[in-house]
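# Topology and contacts: notes
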Amino acid sequence: MPFRNKLSILILIIMLSFQTVKSQIKFPTQQEFIEQSLECDTTIEVFTEHALLSYMDELGMKYVNFVMGQAKHESAHFKSDLFRNNNNLFGMVKAEKRITTAIGKRKGYALYPNWKASVLDYYYMQQQISVKHNTKKKYYAYIFKNYAKDPSYRKKMQKYIE
């Protein structure tokens, strides 16, 4: 019996210690999360296609050719007003049900502080989608069904499928 009592006391001490540590963990607010997420590497803040590819690679973005195709299509080869005014490479609307790096909306689309925030937001979306749609085929099917309102989006994006 003395062993059981010592074991019980040890378990109680460990549990109390864990509760103390757990209560000291500070989870970031949405704003703190955005600020932490947007710490940009100043060596590639100026937008170029090469910088975009490098950043996608750094993030571990899946299906890079396809995502680059989406960026080109949605931003009219990086010349659209949406890209220039909202820093929005992908024609994304502001996410309401997942974490986002968007800082607001402009003309119905997500507004980002810089182009990297747009890429990071797409990455977060991709991670969320990939939980249920964990193969390339399922991911593309999801995108074609849910991403764009244009009925010919699939046809326009076919050339970018890896």
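The following paragraphs examine the structure supplied in this document.

Conventions used here
Residues numbered from 1 in each chain as written. Predicted model: local features only at pLDDT ≥ 70, side-chain atom pairs only at ≥ 80, totals over all residues. Heavy atoms only, no water. Phe/Tyr/Trp six-rings, centres within 6.5 Å; stacked < 30°, edge-to-face > 60°. Helix = DSSP H or I, 4+ residues; strand = E, 2+ residues; numbered from the N terminus. Buried < 20%, exposed > 50% of the residue type's maximum accessible area, 1.4 Å probe, protein only. Lys NZ or Arg CZ within 6 Å of the ring centre and 35° of its normal.

### Here's the deal with the packing of aromatic side chains
Counted under the stated rule, the structure contains 15 aromatic pairs. Residues Phe90 and Tyr122 carry aromatic rings whose centres are separated by 4.5 Å and whose planes lie at 35 degrees to one another, so their mutual orientation is tilted. One end of the pair, Phe90, is in the loop between helix 5 (81-86) and strand 1 (104-106); the other, Tyr122, is in helix 6 (residues 115-132), with 32 residues separating them in the sequence. On the basis of relative accessibility, which here comes to 0%, the residue Tyr122 falls in the buried class. A ring pair is formed by Tyr140 and Phe144, whose centres lie 6.4 Å apart and whose planes are at 35 degrees; its orientation type is tilted. Separated by four residues within a single helix, Tyr140 and Phe144 lie in helix 7 (residues 136-146), roughly one turn from each other. Exposure remark for Tyr140: the relative accessible area of 6% places this residue in the buried category. Overall, the relative accessible area of 11% leaves Phe144 in the buried class. Each member of the aromatic cluster is reached from another via a ring pair, and the members are Phe47, Tyr55, Phe78, Phe83 and Trp115. A cation over a ring is seen here: Lys116 above Tyr55, with NZ or CZ 4.9 Å from the ring centre.

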